[in-house]
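# Summary of the model geometry
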Protein chains: 2
Amino acid sequence: MGKKIGCQTLQFDSPAYIRDGYSIVGSKEAKGPLTEYFHETVQDNYYGEKTWEKAEKKMMEEAVINLIKANLLNENNIEFFLAGDLLNQTISSNYTARTLGIPFLGLYGACSTMVESIIISSIMIEGGFASNVIAATSSHYGSAERQFRLPLEHGNQRTLTAQWTVTGAGASLITKDQAKIKISFATVGKVIDMGIKDASNMGAAMAPAAADTIVQHFKDTGRNPDYYDLIITGDLGEVGKKLTQELVQKQGYDISSRYDDCGVKIFDKKKQDTHAGGSGCACSAVVLNGYILKKINSNQLKKVFFVATGALLSPCIVQQGESIPGIAHGVAIEKI
Amino acid sequence: MGKKIGCQTLQFDSPAYIRDGYSIVGSKEAKGPLTEYFHETVQDNYYGEKTWEKAEKKMMEEAVINLIKANLLNENNIEFFLAGDLLNQTISSNYTARTLGIPFLGLYGACSTMVESIIISSIMIEGGFASNVIAATSSHYGSAERQFRLPLEHGNQRTLTAQWTVTGAGASLITKDQAKIKISFATVGKVIDMGIKDASNMGAAMAPAAADTIVQHFKDTGRNPDYYDLIITGDLGEVGKKLTQELVQKQGYDISSRYDDCGVKIFDKKKQDTHAGGSGCACSAVVLNGYILKKINSNQLKKVFFVATGALLSPCIVQQGESIPGIAHGVAIEKI
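Only a predicted model underlies this, so the values are computations on that prediction, with no experimental measurement involved.

### Looking at the overall build of chain A
For chain A, the count of helices and strands is 11 helices and 14 strands. For a compact globule of 336 residues, the expected C-alpha radius of gyration is about 20 Å, and chain A comes in at 18 Å, within 12% of that figure. When the backbone C-alpha atoms are referred to their principal axes, chain A occupies close to 50 × 45 × 35 Å. Here chain A holds 336 residues, and 70% of them are scored as buried. Counting only contacts in chain A whose residues sit at least 6 apart along the sequence, the fraction spanning at least 24 positions is 77%. Charged side chains in chain A number 34 positive and 35 negative. The centres of these two groups are separated by 3 Å.

Rendered as structure tokens:
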């Protein structure tokens, strides 16, 4: 049995484990500083398909299928598939679930999806309902830009607060059987909105939610920042990372010496012209399943608080005058 | 501890309970045969707002807030809020979560969301992570039609297989503390696609998934149709209901004497010109939280297998040549 501690945190007493992860990225991410950590890089951002949406779906499919194969399992060994993505009606997830034929629970948490899916997978395992669950998400620069902002064919100029949606997919195999990495705590986020309306400033829209979840995690668990080797947010980029660090500091926690952001790490700001950094569901997903899990497995990291951050941006409702709410979910991941 | 039985079914040994539900419907639903069962009817389908999207969001908010009040609770007593809806980026759910300030897990299961949210709520409770969770969903005829088909202003003719998206919202209070109605089993669906591409024939798109989940539930639990007083699907309408009954019959289970569909029940086909019946996330949500819970509480029903059915329709990917997959999740609801 697990339990809830404090206001928003789940404690896993017989923890779920991250047995393995898989990450696929597109051509731009493959040129970035983390390239050596990804399992697969794709040079053709259409991935042999005719549209970006179909390319994104294929990336999620490949990530999940290759993760299953790499662990010498097959689809019948995976009891549930939990996924979500940025596309309207979560196309990539639904069609990947159709291909897999695994019982499916669809999620929408925008770019917080990687952690949301891991949290619900862990709850299912701790509750006794499953032994092997796959959690996955994806995003694609082309499909996201045209859905949320402007079609790439416009060739419009991007503001300096804008982020570059990561093309790729990540999947995690969450198991009941002990593996080397355990999930000890999860902090479920609240929706927080400080009034940002600019779809090209997602970092600022998400920072208050990220800070809230990080601070709440410390309060609920009694842990301090120095418990972790790394505290890493999903896709706040340069702007959101700076804001988050300040907001957390104001609450009395100094995370500066061990804080980073997947959106900052995934691209080389100077060479890759990505402005404020990477974003998209895949940003945190490929950094987790590529970089972080490999660093933990090689003992370069041992205790990580991983916080996926989502901007719940809806072009329709923003056009009706609403601002963009954010949400952030965190999981404590620890080497055994 | 719960357990998984058979291929897709969760068994709740220390069950979660449905303590109460709340249903709000629009003006057309208020003229239908189930009107006496709904908690609140709204004559103005804009609900005092300027857009259908904002009206829908307000309906979800009101349903949740009124459910909390009716049970003499406040937001602080509800540990998690689980919701999803049909709108792109699940607007209604995200903004309701912002209003509530309750830790939030966002879902996308199209019209299967009412059961998907109840299943995950029940898992959280059985796992020891929560005592009070609210599961909710909503839909609106105006917002759904313009997003998925054509703006209502077009005044286009509707085919006879078309369904009428229900305007409304439903919310369920799922508790650890014993109440009169328990959730004994949940069957998580697979995504199934038999090639339907017509956005005005959702019943046919969903029927194979509904039949699969119903048959799998019988196989996994060892129960037969006659265990239940009522087996009811979410929003298949006349076309999908007929197909589902046939598909289940082909698998050797005769459900005809106790099978119904929320989409068939909610409108008067002859008087209300709704063609194949009702649809939308709210269809099953208001029938469950209005009609079914009240019938169970008054002992007119005792054992219900409630199957919410979702057509994972995406206009974008259907325009790219894809067909419409379906999914169905079921919960066994029993009077104690």
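### Overview of the interface of chain B and chain A
Accessible area lost upon the coming together of the parts is a frequently used measure of interface size. If you look at the interface, chain B gives 59 residues, while chain A gives 60 residues. Contact between chain B and chain A buries roughly 5100 Å² in total, counting both sides, with carbon and sulfur atoms accounting for 65%. At the junction of chain B with chain A, the criterion picks out six salt bridges. Close ionic contact of Glu79 of chain B with Lys4 of chain A constitutes a salt bridge, the shortest N to O distance being 4.0 Å. Our count for the chain B to chain A interface comes out at 24 residue pairs in polar contact (both at pLDDT 80 or more). For the side of chain B that touches chain A, the class distribution of residues is 29 nonpolar, 18 polar and 12 charged.

### So, the pairing of strand β10 (residues 230-233) of chain A
All names here are of chain A. The alternating pattern of β10 places Leu230 and Ile232 on one face and Ile231 and Thr233 on the opposite face, and all of these are buried. Looking at chain direction, β10 and strand β13 (residues 303-311) are connected through four bridges and run parallel. Counted as the bridge partner of Ile231 is Phe305 from β13. Both β10 and strand β11 (residues 259-261) contribute to a ladder of three bridges, which runs parallel. Paired with Ile231 across the bridge in β11 is Tyr259.

### Details of the packing of helix α2 (residues 52-70) of chain A against helix α5 (residues 141-148) of chain A
All names here are of chain A. Between α2 and α5, whose axes approach to 8 Å, the crossing angle comes to 130°. Comparing their axes, α5 and α2 come out oblique. In this structure, the crossing between α2 and α5 has a hand that is left-handed. Contacts between α2 and α5 pair Trp52, Glu53 and Glu56 from the former with Gly142, Ser143 and Arg146 from the latter.

### Examining helix α10 (residues 281-297) of chain B
All names here are of chain B. Taking 1.5 Å per residue as the helical rise, α10 with its 17 residues ought to reach 24 Å, and the 23 Å between its terminal C-alpha atoms agrees with that figure. When the local axis directions of α10 are compared, the greatest deviation, roughly 40°, occurs at Leu288. Along α10, 15 of the 17 residues are buried, which leaves the element largely enclosed by surrounding structure. Within two residues after α10, Asn299 carries a phi angle of roughly 65°, on the positive side.

### A closer look at the packing of aromatic side chains
Scanning the entire structure with this criterion turns up 16 aromatic pairs over all chains. With centroids separated by 5.8 Å and ring planes inclined at 20°, the aromatic side chains of Tyr46 of chain A and Trp52 of chain A adopt a geometry described as stacked. Judged by its relative accessible area of 34%, Tyr46 of chain A falls in the partly exposed class. Site record: aromatic cluster; members linked through ring pairs are Tyr227, Tyr228 and Phe305 of chain A. Just above the ring of Tyr47 of chain A sits the side chain of Lys58 of chain A; from NZ or CZ to the centre is 4.6 Å. Seen from the ring of Trp164 of chain B, Lys28 of chain B lies directly overhead, with NZ or CZ sitting 4.1 Å from the centre.

### A few points about the pattern of salt bridges
By the definition in use, this model includes 22 salt bridges over all chains. With a shortest N-O distance of 2.6 Å, Glu53 of chain B and Arg146 of chain B are connected by a salt bridge. Of the two residues, Glu53 of chain B sits in helix α2 (residues 52-70) while Arg146 of chain B sits in helix α5 (residues 141-148), which places them 93 residues apart along the sequence. Accessibility expressed as a relative area gives 2% for Glu53 of chain B, which makes it buried. Connected via shared salt-bridge partners are Arg98 of chain A together with Asp193 and Glu322 of chain B.

### Regarding the relation of the copies chain B and chain A
Between chain B and chain A, the superposition needs a rotation of 180° and an axial shift of 0.0 Å, giving an RMSD of 0.0 Å. Taken together, these values place the two copies in the relation of a two-fold axis. A share of 100% of the interface residues of chain B reappears at the interface of chain A, consistent with the copies meeting face to face through the same patch.

### Observations regarding the packing of helix α6 (residues 202-221) of chain B against helix α7 (residues 237-250) of chain B
All names here are of chain B. Running from N to C, α6 and α7 point in directions that differ by 35°, and their axes come no closer than 8 Å. For the pair α6 and α7, the sense of crossing is right-handed. In contact with Gly203, Ala204, Ala207, Pro208, Ala210, Ala211, Ile214 and Val215 of α6, α7 contributes Gly240, Leu243, Thr244, Leu247 and Val248. Within the contact of α6 with α7, the residues separate by chemical class into 10 nonpolar, three polar and no charged.

### Considerations on unusual backbone geometry
All names here are of chain B. With a phi close to 55°, Asp273 is a non-glycine residue in the positive phi region. Relative to the helices and strands, Asp273 is located in the loop between α9 (269-272) and β12 (278-279). Of note in the backbone geometry, Asn299 takes a positive phi value of approximately 65° without being a glycine. Here Asn299 lies in the loop between α10 and β13 (303-311). Judged by relative accessible area, Asn299 falls into the partly exposed class, the value being 47%.

### Considerations on the side chain of His217 of chain B
All names here are of chain B. Mapping His217 onto the fold places it in helix α6. Since its relative accessible area comes to 0%, His217 is described here as buried. Residues in contact with His217, not counting those within four places in the same chain, are Thr9, Phe185, Thr187, Gly222, Tyr228, Phe305 and Ala332.

### Re the environment of Ser23 of chain A
Residues and elements named next belong to chain A. For Ser23, the location among the structural elements is in strand β2 (residues 9-25). A residue is classified by how much of its surface remains accessible, and Ser23, at 0% relative accessible area, is buried. Sequence spacing of Ser23 and Val133 is 110 residues, and the spatial spacing of their C-alpha atoms is 17 Å. Those residues in contact with Ser23, other than ones at most four positions away along the chain, are Tyr37, Phe38, His39, Glu40, Ala169, Gly170, Val286, Asn289 and Gly290. Polar side-chain contacts of Ser23 include one of 2.8 Å to the side chain of His39.

How each quantity is defined
Residues numbered from 1 in each chain as written. Chains lettered and ligands numbered in written order. Predicted model: local features only at pLDDT ≥ 70, side-chain atom pairs only at ≥ 80, totals over all residues. Heavy atoms only, no water. Helix = DSSP H or I, 4+ residues; strand = E, 2+ residues; numbered from the N terminus. Rg over C-alpha atoms; globule rule 2.2 N^0.38 Å. Buried < 20%, exposed > 50% of the residue type's maximum accessible area, 1.4 Å probe, protein only. Contact = heavy atoms within 4.5 Å. Lys, Arg positive; Asp, Glu negative; His and termini not counted. Charge placed at Lys NZ, Arg CZ, Asp CG, Glu CD. Buried area = accessible area lost by both parts, 1.4 Å probe. Salt bridge = Lys/Arg side-chain N within 4 Å of Asp/Glu carboxyl O. Polar contact = N/O pair within 3.5 Å; in protein donor to acceptor, adjacent residues only side chain to side chain. Nonpolar A, V, L, I, M, F, W, Y, C, P; charged D, E, K, R; others polar. Pairing = 2+ DSSP bridges. Axes fitted to C-alpha atoms, helices over the stretch in contact; angles between N-to-C directions. Parallel < 35°, antiparallel > 145°, perpendicular 65-115°, else oblique. Left-handed = near helix turned anticlockwise from the far one by under 90°. Expected span 1.5 Å × (residues − 1). Bend = angle between axes of the 7 residues up to and from the residue. Phe/Tyr/Trp six-rings, centres within 6.5 Å; stacked < 30°, edge-to-face > 60°. Lys NZ or Arg CZ within 6 Å of the ring centre and 35° of its normal. Least-squares fit on C-alpha atoms with pLDDT ≥ 70 in both.

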